[in-house]
Amino acid sequence: MAPTGDELLRTLAALASPHRLRIIAALAEGRSYVSELARRLEMNRPLLYMHLQRLEAAGLVAGTLETAPDGNSVKWFEVVPFALDLTPAAIAAAAPTLGADGPGKDEK
């Protein structure tokens, strides 16, 4: 199913960051927990969490909280399979569905 205008904007906004593209690239190799991912990407955990939340809100990654053998909770993230068909026709189909208060409301 084609995305609505607001879904398309959320996806494009989520992908419009070099940090988030690196996160997706790292997770494309397999799921990872936050501390390990932060070390691999040389990013502090609060910044990583902020980017992961943006990707998760756009439906591009999914996080699950699991209990480790030592009893600690570990948050794992993985890429959600997605494909983006970005063509003039796809944009034309999504444009009429843009909400007045959607993600792009502040952009002029």
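Everything below is about the structure printed above this text.
Quick look at the structure, then. (Residues numbered from 1 in each chain as written. Predicted model: local features only at pLDDT ≥ 70, side-chain atom pairs only at ≥ 80, totals over all residues. Heavy atoms only, no water.)

**Section: the nonpolar core**
Ile 23, Leu 27, Leu 37, Leu 48, Leu 52, Leu 55 and Leu 60 are the most contacted members of the largest nonpolar core, which has 17 residues in total. Elements that contribute at least two residues to this core include exactly α1 (5–15), α2 (18–28), α3 (34–41) and α4 (45–57). Element by element, the count of residues in this core is highest for α2, at 4 residues. Discounting residues that sit within four places of it in the chain, Leu 48 has contacts with Ile 23, Val 34, Leu 37, Ala 38, Leu 41 and Met 43. (Core = buried A, V, L, I, M, F, W, Y, C linked by side-chain atoms within 4.5 Å. Buried < 20%, exposed > 50% of the residue type's maximum accessible area, 1.4 Å probe, protein only. Helix = DSSP H or I, 4+ residues; strand = E, 2+ residues; numbered from the N terminus. Contact = heavy atoms within 4.5 Å.)

**Re the side chain of Ser 32**
Within the secondary structure, Ser 32 is located in strand β1 (residues 32–33). At a separation of 2.2 Å, a polar atom in the side chain of Ser 32 contacts the side chain of Glu 36. With near-sequence residues (within four places) excluded, Ser 32 lies in contact with Leu 27, Leu 37, Arg 40, Lys 75, Trp 76 and Phe 77. (Polar contact = N/O pair within 3.5 Å; in protein donor to acceptor, adjacent residues only side chain to side chain.)

Distances and angles like these do not, on their own, reveal function.
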